[in-house]
Amino acid sequence: MKQIAAIIKPFKLDEVREALADVGVSGLTVTEVKGFGRQKGHTELYRGAEYVVDFLPKIKIEVVLPETMLETAIDAIIKAAFTGKIGDGKIFVMPVEQAIRIRTGESGADAL
């Protein structure tokens, strides 16, 4: 099993969720996060005062799935989250040793 953690722009969440559902991903976790990469933040004007926004709002999507679905899910995220502009995000893939469904006690791929 593998875990995908994707950091994307907030307005792309619905497109990414739909793309993952289309390729058979049955569940995911979404977290609102803040961060920066090459964008390095930006300046904004509020009530006449200029201030720097160091951390930009992003969405983190986490999915655990069998290795057979990995490449398909990654391709779906890339296509759905792509804008071609800086700050489109990143995808990280990590191994998952074990998964257990608390309600039934199922483990491994059955728990997904």
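Residues numbered from 1 in each chain as written. Predicted model: local features only at pLDDT ≥ 70, side-chain atom pairs only at ≥ 80, totals over all residues. Heavy atoms only, no water.

Caption draft 1: Expanded view of the nonpolar core. Core analysis: the largest hydrophobic core is formed by 18 residues, its most contacted members being Ile4, Ile8, Val16, Leu20, Ile61 and Leu65. Ranked by residue count, the leading element in this core is helix α2 (residues 70-81), at 7 residues. With sequence-adjacent residues up to four places away left out, Ile4 is seen in contact with Ile61, Glu62, Val63, Leu65, Leu70, Ala73, Ile74, Ile77, Ile91 and Phe92. (Core = buried A, V, L, I, M, F, W, Y, C linked by side-chain atoms within 4.5 Å. Buried < 20%, exposed > 50% of the residue type's maximum accessible area, 1.4 Å probe, protein only. Helix = DSSP H or I, 4+ residues; strand = E, 2+ residues; numbered from the N terminus. Contact = heavy atoms within 4.5 Å.)

Caption draft 2: How the structure looks around the packing of aromatic side chains. Throughout the structure, instances matching the rule amount to 1 aromatic pair. Relative to Phe55, the ring of Phe36 has its centre 5.6 Å away and its plane inclined at 55°; by these criteria the two rings are tilted. Separated by 19 residues along the polypeptide, Phe36 in the loop between β2 (29-35) and β3 (42-46) and Phe55 in the loop between β4 (49-53) and β5 (56-65) bring together distant segments of the chain. Taking relative accessible area as the criterion, Phe55 reaches 47% and is therefore assigned partly exposed. (Phe/Tyr/Trp six-rings, centres within 6.5 Å; stacked < 30°, edge-to-face > 60°.)

Caption draft 3: The side chain of Lys9, seen in detail. Here Lys9 is to be found in the loop between β1 (2-8) and α1 (13-22). Since its relative accessible area comes to 12%, Lys9 is described here as buried. Sequence-distant contacts of Lys9, that is, excluding residues within four places in its chain, are made with Lys58, Thr83, Lys85, Ile86, Gly87 and Asp88.

Caption draft 4: Layout of α2. Helix length check: α2, at 12 residues, gives a terminal C-alpha distance of 16 Å against a target of 16 Å (1.5 Å per residue), a fit within 8%. Leu70, Ala73, Ile74, Ala76, Ile77, Ala80 and Ala81 are the residues of α2 that are buried. An end-on view of α2 places all buried positions within 160° of arc, on one side of the element. Within α2, the exposed residues directed more than 90 degrees away from the buried face are Glu71 and Lys79. Residues of α2 that are buried sit in contact with β1, α1, β5 and β6 (89-95). (Expected span 1.5 Å × (residues − 1). Arc of directions from axis to C-beta.)

Caption draft 5: How the structure looks around the sheet that holds β1. If you trace the 4 strands from one edge of the open sheet to the other, you get β2-β5-β1-β6, paired in antiparallel fashion. Of all strands in the sheet, those with a lone pairing partner are β2 and β6, marking the two edges. The sheet shows a mean angle of 20° between the axes of neighbouring strands, taken without regard to direction. Sheet topology places β2 next to β5; 7 bridges connect them, and they run antiparallel. Residue Val33 lies in a different strand from β5, and its bridge partner there is Lys58. Across the sheet, α2 lies against β1, β5 and β6, angled at about 5° from β1, the strand it touches most. (Pairing = 2+ DSSP bridges. Axes fitted to C-alpha atoms, helices over the stretch in contact; angles between N-to-C directions.)

Caption draft 6: Summary view of α1. If you check which residues of α1 are buried, you get Val16, Ala19 and Leu20. What you see down the axis of α1 is that its buried residues fit within an arc of 100°, all on one side. Summarising the contacts, the buried residues of α1 are in contact with β1, β5 and α2. Note on α1: the residue one or two positions beyond its end, Gly24, has a positive phi of about 100°.

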